[in-house]
Amino acid sequence: MWLIPKDTSGTTARVPVSDGLKTALVRWYTGRGTEADHRASVSLVVTSRENHKWIACDCLGETRTPPLMSPAYLSFQETYYLRRLTSRPSHDEKCPFHLPQAPQR
């Protein structure tokens, strides 16, 4: 997992996210995190948002264009969250950040 500049493909200028922070983010994202996971994840999301970065997932490997997540702030809930950028490559089906596309209505 990497932090990358916004509006890029995610294949260059990567800043690695530590394995420990990635693990905390996965637990937080999947609703199984501790309070420490929550604080670490929010810190990562806030840092990436304030520095105009996206979070690039490494689930497709080092060489392919990665799936991207945008940090966002939900003001009326006063909370941060990750928004998957669906115009970019999808996460691997085994990735914790993968969710199937919503059915057409």
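Details of the structure are given in the entry above.
Residues numbered from 1 in each chain as written. Predicted model: local features only at pLDDT ≥ 70, side-chain atom pairs only at ≥ 80, totals over all residues. Heavy atoms only, no water.

**Student:** Residues and numbers for the overall build of the protein, please.
**Tutor:** From N to C terminus, the protein includes two helices and five strands. Listing the helices and strands of the protein from first to last along the sequence gives β-β-α-α-β-β-β. Within the span of the protein, comprising 105 residues, buried residues form 32% of the whole. Here the contacts in the protein between residues at least 6 apart in sequence split such that 49% fall between residues at least 24 apart. For the protein, the computed accessible surface area is about 6,600 Å², with 49% contributed by carbon and sulfur atoms. Averaged over its 14 positive side-chain charges, the protein has a centre that lies 4 Å from the centre of its 10 negative ones. (Helix = DSSP H or I, 4+ residues; strand = E, 2+ residues; numbered from the N terminus. Buried < 20%, exposed > 50% of the residue type's maximum accessible area, 1.4 Å probe, protein only. Contact = heavy atoms within 4.5 Å. Areas by Shrake-Rupley, 256 points an atom, 1.4 Å probe, with all protein chains shown as cover. Lys, Arg positive; Asp, Glu negative; His and termini not counted. Charge placed at Lys NZ, Arg CZ, Asp CG, Glu CD.)

**Student:** Provide a residue-level description of the environment of Tyr73, including the pertinent values.
**Tutor:** The residue Tyr73 is located in strand E4 (residues 68-74) in this model. Judged by its relative accessible area of 33%, Tyr73 falls in the partly exposed class. C-alpha of Tyr73 to C-alpha of Val45: the two residues are 28 residues apart in sequence and 9.2 Å apart in space. If near-sequence neighbours (up to four positions away) are discounted, Tyr73 is found in contact with Arg49, Glu78, Thr79, Tyr80 and Tyr81.

**Student:** Before we move on, can you summarise the side chain of Asp37 with the specific residues and values?
**Tutor:** Examined against the element boundaries, Asp37 turns out to sit in helix H2 (residues 35-50). Using a relative accessible area of 6% as the deciding quantity, one classes Asp37 as buried. In this structure the side chain of Asp37 is engaged in a polar contact, spanning 2.7 Å, whose partner is the side chain of Arg27. Apart from the residues lying within four places of it in its own chain, the contact partners of Asp37 are Ala24, Arg27 and Trp28. (Polar contact = N/O pair within 3.5 Å; in protein donor to acceptor, adjacent residues only side chain to side chain.)

**Student:** Any chance you could break down helix H1 (residues 19-29) for me, citing the residues and the numbers?
**Tutor:** Since the α-helix turns once every 3.6 residues, residues separated by three or four places project in the same direction. For H1, the set of buried residues is Ala24, Leu25, Val26 and Trp28. Directly after H1, the chain includes Gly31, whose backbone phi takes a positive value near 80°.

**Student:** Kindly report on the side chain of His91, identifying the contributing residues and their values.
**Tutor:** Here His91 shows up in the segment after strand E5 (79-84). Given a relative accessible area of 7%, His91 falls into the buried group. Apart from the residues within four sequence positions on either side, His91 is in contact with Cys57, Cys59, Pro67, Met69, Arg84, Phe97 and His98.

**Student:** Give me the lowdown on the packing of H1 against H2, citing residues and values where you can.
**Tutor:** At a minimum axis separation of 8 Å, H1 and H2 run at an interaxial angle of 105°. Considered as vectors, H1 and H2 are oriented roughly perpendicular to each other. Counted together, Leu21, Ala24, Leu25, Arg27 and Trp28 of H1 and Asp37, His38, Ala40, Ser41, Val42, Leu44 and Val45 of H2 form the full contact between these two elements. A per-class count over the contact of H1 with H2 returns eight nonpolar, two polar and two charged. (Axes fitted to C-alpha atoms, helices over the stretch in contact; angles between N-to-C directions. Parallel < 35°, antiparallel > 145°, perpendicular 65-115°, else oblique. Nonpolar A, V, L, I, M, F, W, Y, C, P; charged D, E, K, R; others polar.)

**Student:** So what's going on with the pairing of E5? Residues and values would help.
**Tutor:** As paired elements, E4 and E5 share six bridges and run antiparallel to each other. The residue of E5 that forms the bridge with Leu74 is Thr79. From the end of E4 to the start of E5, which pair antiparallel, there are four residues, and Glu78 there has a positive phi angle of about 50°. (Pairing = 2+ DSSP bridges.)

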